Amino acid sequence: MTFYDLYRELYFTIKMTRIIPRYNIQSVFLLVIFLLISLAGLSSTQDTILASQHFKKGELLLKRYKPDSAVVYFKKSLIGFEAIDHQKRMADCYDKLAKAYKDDFDFDQALVYAQKGLETRLCGFGDHTAPVATSYMTIGSVLKANDKFENAMENYQKALTIRKVVIGKKDH
């Protein structure tokens, strides 16, 4: 059943039962539709607020040198942002998870999340953008912490190249 069919059925049902005077039928129907749309948007807003709160709590724990606790909140935040498909915030969560795992000396997990952040940003923003450069910097910092200096330097170089292109576009 399409939206139009549902509209017609509800309209004629109300009209035939004459519960509402004829001139108010459309007004009431539009009010009902508006309320339903508002309620649908409300749940995604609540999801965004909760995910943002988890993200901020994770950042606070990361600053207090509690990476294992921060991971829990960043994962909760990631679930919330995935539910609404917020690409930028998902990539930010991946970067923060990479930093938390790096600070906890779990370099393999850190690299996995840093690469997921890069993939998300490449899909969402394109190849030569500042967020992609940030992801390359994150990968470089994970590799540097794991004493893989040559690979880290390659990623830092990619980030620098992208940043030069981005700054060149802004004519600084």
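Structure first, text after, so check above.
Just so you know, these numbers come straight off a predicted model, no measurement behind them. (Residues numbered from 1 in each chain as written. Predicted model: local features only at pLDDT ≥ 70, side-chain atom pairs only at ≥ 80, totals over all residues. Heavy atoms only, no water.)

Asker: Explain the overall build of the protein chain residue by residue, including any values.
Answerer: The helix and strand tally for the protein chain stands at 7 helices and 0 strands. For the protein chain, the α and β elements follow one another from N to C terminus as α-α-α-α-α-α-α. Burial status across the protein chain gives 32% buried among its 172 residues. Considering only contacts within the protein chain whose residues lie at least 6 apart along the sequence, 47% involve residues at least 24 apart. Split by element, the accessible area of the protein chain, about 11300 Å² in all, is 59% carbon and sulfur. (Helix = DSSP H or I, 4+ residues; strand = E, 2+ residues; numbered from the N terminus. Buried < 20%, exposed > 50% of the residue type's maximum accessible area, 1.4 Å probe, protein only. Contact = heavy atoms within 4.5 Å. Areas by Shrake-Rupley, 256 points an atom, 1.4 Å probe, with all protein chains shown as cover.)

Asker: Lay out the side chain of N155 with the relevant residues and their values.
Answerer: Along the chain, N155 falls in helix α7 (residues 149-170). The exposure class assigned to N155 is buried, which follows from its relative accessible area of 10%. A polar atom in the side chain of N155 sits 2.9 Å from the backbone oxygen of N151. Contact partners of N155, with chain neighbours within four places excluded, come to Y136, I139, G140 and L143. (Polar contact = N/O pair within 3.5 Å; in protein donor to acceptor, adjacent residues only side chain to side chain.)

Asker: Describe the side chain of K102, and please don't skip the residues or the numbers.
Answerer: Along the chain, K102 turns up in helix α4 (residues 87-103). The buried charged residue K102 lacks any salt bridge partner; its closest oppositely charged side chain belongs to D103, at an N-O distance of 4.5 Å. Setting aside anything within four residues of it in sequence, one finds K102 in contact with F107, A110, S141, V142 and A145. (Lys, Arg positive; Asp, Glu negative; His and termini not counted. Salt bridge = Lys/Arg side-chain N within 4 Å of Asp/Glu carboxyl O.)

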